[in-house]
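# Notes for the structure review
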Amino acid sequence: MDLACYPNKTTFKTLKLASTSTSSSSIFVFPSLHKTKTLTIHSHKFPFPRLTKALSTSPTAVQTSPATTNNILQDQGGKPQWKASIDFKWIKDNKETVATNIKNRNSDADLEHILHLYDKLFILQKEVERVRGERNVVAKKMKGKLEPSERQTLIEQGKNLKEGLVALEEDLLKLNDELQREAQCIPNMTHPDVPIGGEDCSTIRKTVGSAPKFSFPVKDHLQLGKELDLFDFDAAAEVSGSKFYYLKNEAVLLEMALLNWTLSEVMKRGFTPLTTPEIVRSSVVEKCGFQPRANNTQVYSIDNSDQCLIGTAEIPVGGLHMDSILAESTLPLKYVAFSHCFRTEAGAAGTATRGLYRVHQFSKIEMFIFCRPEESDYYHDELIKIEEDMFSSLGLHFKTLDMASEDLGAPAYRKFDVEAWMPGLERFGEISSASNCTDYQSRRLGIRYRPSEALVPGPKKSKGNLAPPQFVHTLNATACAVPRMIICLLENYQQEDGSVLIPEPLRPFMGGRNIITRKSS
Amino acid sequence: MDLACYPNKTTFKTLKLASTSTSSSSIFVFPSLHKTKTLTIHSHKFPFPRLTKALSTSPTAVQTSPATTNNILQDQGGKPQWKASIDFKWIKDNKEIVAVNIKNRNSDADLEHILHLYDKLFILQKEVERVRGERNAVANKMKGKLEPSVRQTLIEQGKNLKEGLVALEEDLVKLNDELQREAQCIPNMTHPDVPIGGEDSFTIRKTAGSAPKFSFPVKDHLQLGKELDLFDFDAAAEVSGSKFYYLKNEAVLLEMALLNWTLSEVMKRGFTPLTTPEIVRSSVVEKCGFQPRANNTQVYSIDNSDQCLIGTAEIPVGGLHMDSILAESTLPLKYVAFSHCFRTEAGAAGTATRGLYRVHQFSKIEMFIFCRPEESDYYHDELIKIEEDMFSSLGLHFKTLDMASEDLGAPAYRKFDVEAWMPGLERFGEISSASNCTDYQSRRLGIRYRPSEALVPGPKKSKGNLAPPQFVHTLNATACAVPRMIICLLENYQQENGSVLIPEPLRPFMGGRNIITRKSS
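To keep things clear, this report deals only with the structure shown in the data block. Per chain, residues are indexed from 1 in the order of the written sequence. All chains are assigned letters beginning with A, and all ligands numbers beginning with 1, in the order in which they are written. pLDDT decides what is reported in this predicted model: residues at 70 or higher carry local features, side-chain atom pairs at 80 or more are listed and counted, and totals for whole chains, interfaces and linings draw on all residues regardless. To obtain the side-chain values, all non-hydrogen atoms of the structure were included, while hydrogens and water were left out.

## Description of the overall build of chain B
- Helical segments are the DSSP runs of H or I of at least four residues, strand segments are the runs of E of at least two, and each set is numbered from the N terminus. On a plain count of helices and strands, chain B comes out with 15 helices and 17 strands.
- Partly exposed residues are those whose accessible area sits between 20% and 50% of the maximum for their type, while under 20% is buried and over 50% is exposed, using a 1.4 Å probe and protein chains only. Burial analysis of chain B (521 residues in total) assigns 60% to the buried set.
- Intrachain contacts of chain B at a sequence separation of at least 6 include 75% that bridge at least 24 residues.
- Residue burial considers only the protein chains on display, and all accessible areas are found by Shrake-Rupley using a 1.4 Å probe. With an accessible surface of roughly 21,300 Å², chain B has 52% of that area assigned to carbon and sulfur atoms. Here a residue-residue contact requires only that any non-hydrogen atoms of the pair lie within 4.5 Å.

## Overview of the packing of helix α10 (residues 250-268) of chain B against helix α15 (residues 482-492) of chain B
Residues and elements named next belong to chain B.
- Interaxial angle, 0 to 180 degrees, is taken between N-to-C directions of lines fitted to C-alpha atoms, where a helix line uses only the stretch in contact. With their axes 10 Å apart at the nearest point, α10 and α15 run at an angle of 110° to one another. By the criterion of interaxial angle, the relationship of α10 to α15 is roughly perpendicular. The way α10 lies across α15 gives a crossing that is right-handed. Packed against α10, whose contacting residues are A251, L254, E255, L258 and L259, the element α15 presents V482, M485, I486 and L489 at the interface.
- Charged residues are taken to be Asp, Glu, Lys and Arg, nonpolar residues to be Ala, Val, Leu, Ile, Met, Phe, Trp, Tyr, Cys and Pro, and polar residues to be all remaining types, Gly included. Considering only residue class, the contact of α10 with α15 consists of eight nonpolar, no polar and one charged. In these notes the angle categories are as follows: under 35 degrees is roughly parallel, over 145 is roughly antiparallel, 65 to 115 is roughly perpendicular, and the rest is oblique. Crossing handedness is defined as follows: a turn of the near helix away from the far one that is anticlockwise and smaller than a right angle gives a left-handed crossing, while the clockwise case is right-handed.

## A few points about the pairing of strand β10 (residues 398-402) of chain B
Residues and elements named next belong to chain B.
- Most of β10 sits inside the fold, with five of its five residues counted as buried.
- Alternating positions in β10 separate into two faces, F398, T400 and D402 on one and K399 and L401 on the other, with burial throughout.
- At least two bridges found by DSSP between two strands are what make those strands a pair. Taken together, the five bridges between strand β1 (residues 203-208) and β10 define a ladder with antiparallel strand orientation. Paired with T203 across the strands is D402, a residue of β10.
- Relative to strand β11 (residues 414-422), β10 is paired through five bridges, and the arrangement is antiparallel. Looking at the pairing, L401 lines up with D417 of β11.

## Side note on the packing of helix α10 (residues 250-268) of chain A against helix α13 (residues 376-393) of chain A
All names here are of chain A.
- In contact at an axis separation of 11 Å, α10 and α13 are set at 135° when each is read in the N-to-C sense. It follows from the interaxial angle that α10 and α13 lie oblique. Pair α10 / α13 crosses with right-handed handedness. Packed against α10, whose contacting residues are W261, T262, E265 and V266, the element α13 presents I386, M390 and S393 at the interface.
- Here the residues of the contact of α10 with α13 sort into four nonpolar, two polar and one charged.

## Quick word on the sheet that holds strand β7 (residues 324-327) of chain B
All names here are of chain B.
- As summarised here, the arrangement of the three strands in space is β7-β13-β14, forming an open sheet in which the pairing is mixed. The sheet terminates laterally at β7 and β14 (470-471), the two strands that pair on one side only.
- Where strand β13 (residues 447-450) and β14 come together, two bridges link them in antiparallel fashion. In the sheet register, Y449 faces β14, and the bridge partner there is Q470.

## Here's the deal with the pattern of salt bridges
All names here are of chain A.
- What counts as a salt bridge is simple: a side-chain nitrogen of Lys or Arg found within 4 Å of a carboxyl oxygen of Asp or Glu. Counting across every chain of the model gives 60 salt bridges over all chains.
- Ionic pairing is found between D87 and R443, a salt bridge with its closest N-O pair at 3.9 Å. Of this pair, D87 sits in the loop between α3 (51-56) and α4 (88-93) while R443 sits in helix α14 (residues 440-445); the two residues are 356 residues apart in sequence, bridging distant segments of the chain.
- Looking at D87, the relative accessible area reads 10%, which means it is buried.

## Comments concerning the packing of aromatic side chains
- Classification of ring pairs rests on two measures: the distance between centres of Phe, Tyr or Trp rings, Trp counted by its six-membered ring, which must be within 6.5 Å, and the angle between planes, read as stacked under 30 degrees, edge-to-face over 60 and tilted in between. This model, assessed by the stated rule, comprises 19 aromatic pairs over all chains.
- Ring plane angle 80° and centroid distance 5.9 Å describe the contact between A:F231 and A:F233, whose orientation is recorded as edge-to-face. For the pair formed by A:F231 and A:F233, the shared burial category is buried.
- A centroid spacing of 5.5 Å and a plane angle of 70° characterise the contact between B:F214 and B:F216, whose relative ring orientation is edge-to-face.
- The class of B:F216 is buried, set by a relative accessible area of 16%.
- These aromatic residues form a ring-pair network of at least three members: A:F231, A:F233 and A:Y245.
- Geometrically, a lysine NZ or arginine CZ counts as sitting over a ring once it is within 6 Å of the ring centre and also within 35 degrees of the ring normal. A cation over a ring is seen here: A:K399 above A:F428, with NZ or CZ 4.3 Å from the ring centre.
- The ring of B:F428 carries B:K399 above its face, with NZ or CZ at 4.2 Å from the centroid.

## Remarks on α10(B)
Residue and element names in this part refer to chain B.
- Take the number of residues in a helix, subtract one, and multiply by 1.5 Å to get its expected span. For α10, spanning 19 residues, the distance from its first C-alpha to its last is 26 Å, which sits close to the expected 27 Å at 1.5 Å a residue.
- Within α10, 16 of the 19 residues are buried, which leaves it mostly tucked inside the rest of the structure.
- Note on α10: the residue one or two positions beyond its end, G270, has a positive phi of about 90°.

## Some remarks on the environment of B:V218
All names here are of chain B.
- Relative to the helices and strands, V218 resides in the loop between β1 and α8 (221-227).
- The spatial distance from the C-alpha of V218 to the C-alpha of I487 is 13 Å, given a sequence separation of 269 residues.
- In contact with V218, other than residues within four places in its own chain, are P423, G424 and Q494.

## Here we look at helix α15 (residues 482-492) of chain A
- The element α15(A) is extensively covered by neighbouring structure, given that 11 of its 11 residues are classed as buried.
- Buried within α15(A) we find A:V482, A:P483, A:R484, A:M485, A:I486, A:I487, A:C488, A:L489, A:L490, A:E491 and A:N492.

## Points about the pairing of strand β12 (residues 427-436) of chain A
All names here are of chain A.
- Burial of β12 is extensive: eight of the 10 residues sit out of reach of the surface.
- Note: strand β11 (residues 414-422) against β12, nine bridges, orientation antiparallel. Residue K415 lies in a different strand from β12, and its bridge partner there is S435.
- Hairpin remark: β11 followed by β12, antiparallel, with four residues in the connecting loop; positive phi at E426, about 55°.
- Bridge count for β12 against strand β15 (residues 473-481) is three bridges, and the pairing is antiparallel. Note that in β15 the partner of A434 across the bridge is A477.

## Structural notes on unusual backbone geometry
- A cis geometry characterises the amide bond from A:L331 onward to A:P332, with omega recorded as -5°.
- With respect to the element layout, A:P332 can be found in the loop between β7 (324-327) and β8 (333-342).
- Residue B:P332 is bonded to the preceding B:L331 through a cis peptide linkage, with omega at -5°.
- Mapped onto the fold, B:P332 is located in the loop between β7 and β8 (333-342).
- With a phi angle near 55°, B:D323 is a residue other than glycine that sits in the positive phi range.
- Mapped onto the elements, B:D323 comes out in the loop between α12 (314-319) and β7.
- On the accessibility criterion, B:D323 (3% relative accessible area) is buried.

No statement about biological role is implied by the geometric values presented.
See the structure below:
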């Protein structure tokens, strides 16, 4: 189950509008930017470069030394709160490829403008260095013995240069911010095998099983749930709002069984289990490629804070190694995380939303991998195979799709969706999603690794012995999104007498129960 | 684990200040009152009386006809969003007892003022009725044939009476609102056996087990967790903030085992399992006796909405039967609910907050009972015995306290806390709480039942055949607050070699694991 990031041009425009707003309107657009709380977020793990130092480095150095531009926090409306380590040199050198990709992804990123800003930044930085140099020359001259009139002239010169420099440095800051805002819109590159085009261009990677045949009128999960007393949507609408629900009776046990079974299956495959915070800083959500502050955002924000609720455990797990350099020997890091997920489902009013299909809150088990760049395709394959294995053992009829370029969120390099047959809803419905985000998220979250081959062991730890750190690749994949799985199980395993069979693998996790029957009352 | 409601005079004052704020300052105090969304909340289940009808009923009728004053929603700053069915007649008739109780509970409720308002309301209602009668008399007179001058006089009279009536009715609405605000501060009555006094006046109900003896230096759960790689507080501080955490490795399995074991144990005792919404309307939180809008509130609110995060499943389970009349035959309704809980822990900066003891988010299984008034003491006893049974089977050393009057939240009639020995923290810590709220919550949530004895079966359903509905009693009790349970288990079951034994009952729920050992790496 995928939480769409930058899904289309409309939301894309929203982001840009929001980002370029002036501070006079910023109270509305960036409600939490005026908190001072955010200012101290990243000071622990990472040496925090002074702004002036960051400005004096060449922009081409960003590629190997991203720390200099990463995580510079600003407390002013309209400025980005953090900076992505975007590889501008590579983008400039591969302009045609990037332009084609932006077109293929149906993205609104304005590459011409971005490269123009980048060139302007380069020139401005040279100018700043030149003026700074002049100022140093003047300062040196003043060290010697001087006629009072000469000294006065130099003082004037120095003063003028200083004023000019201050103005230039302000321009530089603004330009940097604008470049960040614009460049953060550039979507990830796309895997060569991804079909180019819109929603309908997705290719089928695999089809498993077949739709069950029923010799009786098929019910949907809502009707089954009502008859078996498994949900309460009505009370939840009163207590919370529409699209909320209580699970009751065997539905609770089914949820627990799905969670326990999924965790144990994925752990068997070498993943480390986690539970995660479900409230996170908005900046972490942004760094993962989601837009907590856009209009019609999917993200619930917490009042009077810079925090929001997670829409997927991908966010806190991605953040687990934020701003750190991992040892190559620890890679791949494979996690399987249980969390509740919260989504506003803004704009989903018109879509098919019967029952548990589209809800504001649900339990999910998510897989997440941090790996070396050359291995991410391999692990993407591993993730989708784990999904396919698990859905097969539950006996579902499903197909795996290689999603088309226009259907990828900005962070994804490639995305496989699994759609399972839901007999009651009479259609295939998305039950999981596996994305390779390559270095899109790691460049924002600041997650790198130090290749080990170049590391020369010795008593003296000098930087010369260390290979330069590189950005890891990140991948995420749904192991089990509980409500949609409950839809599949109820609708596919319904019996003529109104009962529902529990698939074999889940029975040990339901105290041996093998069937859900009507209550006697 | 208890989420304190109206815990002391300070927060009490805050509530009153907030409630009496004028609309000019109400943007700050009631950020969500200006949404129109809240206006349609309760229109489904319950016939919604018009304000004028509510005003024309005698105040003494509130006791038997609470629908007339319940759930009148107002969209103006400073007015209560809903009305509690407070039994003013009983309060007036039992003034001395209520006054003593307010004093014993260290509450700031101003009984004299409340009764003064109530008397004023009574007089004003009489006056409204009188003027309304006069107006009707004038209207009747105008039906006959009249001299033009007489008619003109009557028209003038009618106009004046109408204007006077409008003004009186406005006063009546304001007075009603003020009475509600003030009267909602009155705490529940107190069980005669509750010790009167402050925190230290509690009595010990039971002590179980004894503190384990260790022949080696004891570690606290934080150190054990670090050595066994069970938590990550540092990453959570970066991603979310302080007092957030990731559970890792066996801690995740321990959480799942605790949840599964607890659910199965409580279900065995006839409780219906639930999972609940974790986002609820603020009004429901208030009706359960919590203060989502006070300064230093424990409640996280959702930005741009009238919703907030639950601090305990008590809230959504209490809301499950909101505004309904239950059949007596369905009582008692016993629920066991799994939810995540979210608390700001505002003001807890100074208190003992090492590790998992006081955190912003945790998993909890909560028991909740709706029952007939005469049975609530019995079920309170059942709830505490279930808690004691479960903590005993986990081999914990604990004591059960009958909490003192000043330590009760406003909704509680009586509260038992369980405090367990935490060897690493070297103290007893609260791990659960069981409260009898009698009709405090049901009078706010509008949950009644129809006694069956007076019901005469017949073809004609007339109101005369039905006994008047009565408010149910509600009780809530922690079955398992996971993080504090993890503290207990790690600290009590630590071994000299740094490993931790899993208590017997949990092993089947941890895939047979009986020990947590250090990772090999």
